[in-house]
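Next come the chains, spelled out residue by residue.
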Amino acid sequence: MVLAVLAALAVAIDLASRPFAEQYVEDRIESSLPEGVQGNVDVQIGGLSVIAQYLSGRFDEVDLASTALTVGGIPLQADVHLEGVPVDQTRPIRSVSGKVLLDEEDLDALIAAQGNPGHVRLTGGNVEYTGTTQILGLVDVDYLVITRPELSGGRLELSPLKARLGNGAIDIDITALLPVVAPGGLSICLAENLPDTLAVDSLVVGNGAVAARFSGRSVLVTEEGLARRGACS
């Protein structure tokens, strides 16, 4: 009877300590966000005993979620799964995996940052890119380029499938249009929005949003570690 009471008390104490532990991890992560990254992060700690995990110096599994994170002024929705999270923040997390959702406005902002001021529409697994250009420097003409999204070297590459000028349905030669619309090509560097210890693994384009999945090992969540951004090849 006494052992049962003590066991129940230990469980109750552990359950009561979980919200405090989750708030502790939240505060540590939010205080480590580098310059240009802002927002709140919700934390859930997995495993059985939070106290036992803390005393061991490492949390087994931690899930992070944010619906209001901004990177360089661009809002993101992110879900992240961490395994082997050390209590000592100066030590790296064993492994990280997650997903970032980008809507059409987010992609517009990213494309504008690459020097292409058009607009994006996501539909049927493709990316439609629209804007206005001048012909012979005299006449403004609307254009539409329908592209197939591909992941390459940390970039979201938009490979042209077909294009047209104006509001008609006349298809024109893509090779003639693309150098006018986007002399440097159409692509978005995703890697530079992630720490350099993370890599973009896959992309799925749906109606209205792109889901980018990433992963990494030995990830530091110090301000210095998160500030070291990746690069595109």
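These lines cover the structure that appears in this document, whether it is placed above or below. (Residues numbered from 1 in each chain as written. Predicted model: local features only at pLDDT ≥ 70, side-chain atom pairs only at ≥ 80, totals over all residues. Heavy atoms only, no water.)

Re the overall build of the protein
Worth spelling out the cut-off: Numbering of helices and strands runs from the N terminus; a helix is a DSSP stretch of H or I covering at least four residues, while a strand is a stretch of E covering at least two. For every residue, the accessible area obtained with a 1.4 Å probe (protein chains only) is divided by the maximum for its type, and the residue is called buried under 20%, exposed over 50%, and partly exposed between those limits. Where accessible areas are quoted, they stem from the Shrake-Rupley method and a 1.4 Å probe; at the residue level, only the protein chains shown are allowed to cover.
Of regular secondary structure, the protein possesses five helices and twelve strands. The proportion of buried residues among the 233 residues of the protein is 39%. With the model as given, the accessible surface of the protein reaches about 12600 Å², and the carbon-plus-sulfur share is 57%.

Notes on the environment of G216
Defined as follows: The contact criterion used is simple: two residues touch if any of their non-hydrogen atoms lie within 4.5 Å.
Among the structural elements, G216 can be located in strand 12 (residues 209–219). What makes G216 buried here is its relative accessible area of 11%. Considered as a pair, G216 and R94 are 122 residues apart in the sequence and their alpha carbons are 8.6 Å apart. Those residues in contact with G216 that lie beyond four places of it in its chain are R94, S95, V96, T197 and L198.

Brief notes about the environment of P86
As for its placement among the helices and strands, P86 is situated in strand 4 (residues 74–86). Here the alpha-carbon distance between P86 and D60, two residues 26 residues apart in the chain, equals 8.8 Å. Not counting the four nearest positions on each side in its chain, P86 is found in contact with G57, R58, R91, P92 and I93.

Here we look at the pattern of salt bridges
Put simply, the rule is: Within this document, salt bridges are pairs made up of a side-chain nitrogen of Lys or Arg and a carboxyl oxygen of Asp or Glu, the two lying within 4 Å of each other.
One pass over the full model with this rule turns up four salt bridges. Across the pair R228 and D196 runs a salt bridge whose closest N-O atoms are separated by 3.8 Å. Of the two residues, R228 is situated in the segment after helix 5 (223–227) and D196 in the loop between strand 10 (187–189) and strand 11 (198–205); the sequence distance between them amounts to 32 residues. The exposure class assigned to D196 is partly exposed, which follows from its relative accessible area of 40%. Residue E224 pairs with R228 through a salt bridge whose shortest N-O separation is 3.8 Å. Its relative accessible area of 60% is what places E224 among the exposed residues. Among the charged side chains, a salt-bridge network with shared partners connects D196, E224 and R228.

Some thoughts on a nonpolar patch on the surface
Rules: Patch membership is restricted to residues that have no salt bridge and whose relative accessible area is over 30%. Joining uses 9 Å for like charges and 5 Å for the nonpolar side chains Val, Leu, Ile, Met, Phe, Trp and Tyr.
A grouping of Y24, I51, Y54 and L55 is seen on the molecular surface, where their side chains present a nonpolar patch of about 400 Å² in accessible area. For the nonpolar patch, the leading source of residues is helix 2 (residues 50–56), giving three residues. Following the sequence through the fold, L55 ends up in helix 2.

So, the pairing of strand 5 (residues 93–103)
Successive side chains on a regular strand alternate, one facing one side of the sheet and the next facing the other. Let me state the cut-off plainly: When DSSP locates at least two bridges between a pair of strands, those strands are taken to pair.
Note: strand 4 against strand 5, seven bridges, orientation antiparallel. Counted as the bridge partner of L82 is V96 from strand 5. If you look at the hairpin formed by strand 4 and strand 5, you'll find six residues sitting between the two strands. Where strand 5 meets strand 12, ten bridges bridge the pair, whose relative direction is antiparallel. In the strand pairing of strand 12, G98 is matched with F214.

Considerations on the side chain of T147
Our working rule: By the criterion applied in these results, polar contacts are pairs of N or O atoms within 3.5 Å in which, for protein atoms, one can donate a hydrogen and the other can accept it, and in which residues neighboring in sequence qualify only through two side-chain atoms.
With respect to the element layout, T147 can be found in strand 8 (residues 139–152). By relative accessible area, which is 0% here, T147 ends up buried. Here the side chain of T147 touches V127 through a polar contact of 2.8 Å, landing on its backbone oxygen.

Side note on the nonpolar core
Put simply, the rule is: Side-chain atoms within 4.5 Å are what join buried Ala, Val, Leu, Ile, Met, Phe, Trp, Tyr and Cys residues into a set we call a nonpolar core.
One finds I45, F59, V62, L64, L82, V96 and L107 to be the most contacted residues of the largest nonpolar core, which totals 49 residues. With six residues, the top contributor of residues to this core is strand 4. Setting aside anything within four residues of it in sequence, one finds V62 in contact with V25, V43, Q44, I45, V80, H81, L82 and V85.

Considerations on a negative patch on the surface
Applicable threshold: Counting rule for charge: Lys and Arg are taken as positive, Asp and Glu as negative, and neither His nor the chain ends is counted. Every charge is mapped to an atom, namely NZ of Lys, CZ of Arg, CG of Asp or CD of Glu.
Taken together, the side chains of D60, E61, D63 and D79 make up a negatively charged region of the molecular surface. The element that contributes the greatest number of residues to the negative patch is strand 3 (residues 58–71), accounting for three residues. With respect to the helices and strands, E61 occurs in strand 3. Classification of E61 as partly exposed rests on a relative accessible area of 34%.

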